[in-house]
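# An overview of the molecular structure
Each chain, letter by letter, is given below.
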Amino acid sequence: MALTDKRIGFIGAGAMGSALINGLLKAGLVTPDQIYAADIHRERLLAWQEKMGIHACADNGEAAAAADILVLAVKPQAMEEVLEEIRERVNGDKLIISIAAGITTTLIETFLPGVPVIRAMPNTPCLVGAGATAMCLGKYATTAHETMAAAIFGAVGTAVTVKENLMDAVTGLSGSGPAYVYIMLEALADAGVRVGIQRDIAMTLAAQTMLGAAKMVLETGEHPGRLKDMVTTPGGTTTAGIYALEEGGLRVTLMNAVMAATRRAQEMSAGQK
Ligand SMILES: NC(=O)C1=CN([C@@H]2O[C@H](COP(=O)(O)OP(=O)(O)OC[C@H]3O[C@@H](n4cnc5c(N)ncnc54)[C@H](OP(=O)(O)O)[C@@H]3O)[C@@H](O)[C@H]2O)C=CC1
Ligand SMILES: O=C(O)[C@@H]1CCC=N1
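Predicted, not measured: the structure shown is a model, and the values here were computed from it.

Rules used in this analysis
- Residues numbered from 1 in each chain as written.
- Chains lettered and ligands numbered in written order.
- Predicted model: local features only at pLDDT ≥ 70, side-chain atom pairs only at ≥ 80, totals over all residues.
- Heavy atoms only, no water.
- Helix = DSSP H or I, 4+ residues; strand = E, 2+ residues; numbered from the N terminus.
- Buried < 20%, exposed > 50% of the residue type's maximum accessible area, 1.4 Å probe, protein only.
- Contact = heavy atoms within 4.5 Å.
- Areas by Shrake-Rupley, 256 points an atom, 1.4 Å probe, with all protein chains shown as cover.
- Near = heavy atom within 4 Å.
- Polar contact = N/O pair within 3.5 Å; in protein donor to acceptor, adjacent residues only side chain to side chain.
- Nonpolar A, V, L, I, M, F, W, Y, C, P; charged D, E, K, R; others polar.
- Domains from an automatic or database assignment.
- Buried area = accessible area lost by both parts, 1.4 Å probe.
- Salt bridge = Lys/Arg side-chain N within 4 Å of Asp/Glu carboxyl O.
- Core = buried A, V, L, I, M, F, W, Y, C linked by side-chain atoms within 4.5 Å.
- Patch = residues over 30% accessible without salt bridge, like charges linked within 9 Å, V, L, I, M, F, W, Y side chains within 5 Å.
- Lys, Arg positive; Asp, Glu negative; His and termini not counted.
- Charge placed at Lys NZ, Arg CZ, Asp CG, Glu CD.
- Disulfide = S-S within 2.5 Å.
- Axes fitted to C-alpha atoms, helices over the stretch in contact; angles between N-to-C directions.
- Parallel < 35°, antiparallel > 145°, perpendicular 65-115°, else oblique.
- Left-handed = near helix turned anticlockwise from the far one by under 90°.
- Pairing = 2+ DSSP bridges.

The next subject is the overall build of the protein chain. For the protein chain, the helix and strand inventory stands at twelve helices and eight strands. Taken over the C-alpha atoms alone, the protein chain extends approximately 70 × 40 × 35 Å along its principal axes. Classification of the 273 residues of the protein chain by burial places 39% in the buried group. Look at the contacts in the protein chain between residues 6 or more apart in sequence, and 62% of them connect residues 24 or more apart. When the accessible surface of the protein chain is split by element, carbon and sulfur atoms take 59% of a total near 14600 Å².

Okay, here's the thing in structure tokens:
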């Protein structure tokens, strides 16, 4: 879907807000003059205005008033204050997209009655067009709004719609997931160095191996267990490596990580700071 006639506002241009802004510009879905961004660190936005041509708004109200689609990308703890600040500048003609972990569509609708809301959980690889986003619709969002949000997140990766009761779980899996993968990559590169490979070469080999393995799963549709078996020559090297992984409890450690992050998202949804 083309968004050429839409103005896209961002409130919060930190790690995730800036990954989305830059990812959307790289993807060519929107031009810089369609972006209206606000952040308490306005000097950062003024530098981007100078360099890339986006609009650095004076405050959150200006971004809210200018935008047709307003992305809320502040920390969950700042959300109520921001919603209070923008409530007079938002009406049912605008689409609100919140990417905040643990902030429900109901909470947003309490501050912005009757306004279409989409809650989304993207991840930082949106910056390089390889994001994974899950989203759900609030009470007043229609399929037309879903199509607009899917165009935004689809331009910077893969986007799926889920029921809201799964949003904390996707936060634990794909929202936080890149951090788990970076730790695995760092460990693989450290291991490469440990067995004598130069660090930059070890990192390139480890990252490309992870990318290649992920592409194999997505493009062949094969079960990862079957793809693992293709790598594992009887009596060979891989089976020795897998034995060490299983002994170290990698599977259960990863499952615990996703479950712990999901629980934290649930605590935040329940109002615990
Ligand atoms: N990082 C990630 O991978 C992902 C994050 N998210 C969600 O995105 C949101 C932002 O996270 P992230 O980008 O990591 O956080 P950041 O802290 O990096 O970004 C938030 C930005 O908003 C600024 N800010 C704080 N208060 C206000 C305010 N009242 N008005 C305008 N701007 C304000 C922050 O300034 P200051 O730093 O001084 O507070 C910061 O620059 C969170 O709700 C998070 O749950 C979702 C998916 C992935
Ligand atoms: O750590 C966090 O709370 C945010 C949400 C998902 C990724 N980062």
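Turning next to the site of ligand 1. Within the structure, ligand 1 sits among 22 residues, and M16, D39, H41, V74 and K75 are positioned closest to it. A15 is positioned such that a nitrogen or oxygen atom in its backbone is 2.9 Å from an oxygen atom of ligand 1. A total of 870 Å² of accessible area belongs to ligand 1 in isolation, and the protein chains cover 78% of it. Those elements that provide at least two residues to the shell around ligand 1 are α1 (15-27) and α4 (79-86). Considered class by class, the residues forming the shell around ligand 1 number 13 nonpolar, five polar and four charged.

Our next topic: the domain arrangement of the protein chain. Per the domain assignment, the segments making up the protein chain are domain 1 (8-164) and domain 2 (177-268). A separation of 32 Å is found between the C-alpha centroids of domain 1 and domain 2. Listed by partner, the interface residues are six residues for domain 1 and four residues for domain 2. Carbon and sulfur atoms make up 62% of the area that domain 1 and domain 2 hide from each other, which totals about 370 Å². Across the contact surface, domain 1 and domain 2 share zero salt bridges. Linking domain 1 to domain 2 there are zero residue pairs in polar contact (both at pLDDT 80 or more). Among the residues forming the side of domain 1 that touches domain 2, the class breakdown is three nonpolar, three polar and no charged.

Turning our attention to the nonpolar core. Core analysis: the largest hydrophobic core is formed by 35 residues, its most contacted members being L3, F10, L20, I97, I99 and I152. Counting only elements with at least two residues in this core, the list comes to β1 (8-11), α1, β2 (35-38), α2 (42-52), β4 (69-72), β5 (95-98), β6 (117-121) and α6 (143-155). Looking at this core element by element, the count peaks at six residues for α1. Setting aside its immediate chain neighbours within four residues, F10 contacts G17, L20, I21, L24, I35, Y36, A37, A38, A63, L70 and V71. The next biggest cluster of nonpolar side chains, apart from the first, holds 24 residues, and it includes V74, I96, I103 and F111.

Together, D59, E62, E81 and E85 line one region of the surface with negative charge. Summarising the element assignment, E62 is placed in helix α3 (residues 60-66).

As enumerated under the stated definition, the model contains zero disulfides in all. C136 supplies the cysteine sulfur nearest to C126, a cysteine that is in no disulfide, at a spacing of 16 Å.

Working note: a packed helix pair is described by the angle between its axes plus the distance between those axes. Close contact between helix α8 (residues 177-194) and helix α9 (residues 199-220) brings their axes to 8 Å; oriented N to C, the two are set at 135°. Regarding the angle of α8 to α9, the classification is oblique. As α8 runs across α9, the sense of the crossing is right-handed. Here V181, M184, L185, L188, A189, D190, G192 and V193 of α8 come into contact with α9, specifically with R199, A202, M203, A206, A207 and M210.

In this section: the sheet that holds β4. Taken in spatial order, the eight strands of this open sheet run β3-β2-β1-β4-β5-β6-β7-β8, and their pairing is mixed. Looking at strand neighbours, the two that pair on one side only are β3 (55-56) and β8 (157-161), the edges of this open sheet. Sheet topology places strand β7 (residues 131-137) next to β8; five bridges connect them, and they run parallel. Pairing of A134 across the sheet is with V160, part of β8. Together, β1, β4 and β5 form the strand contacts of α4, whose direction differs from that of β4 by roughly 155°.

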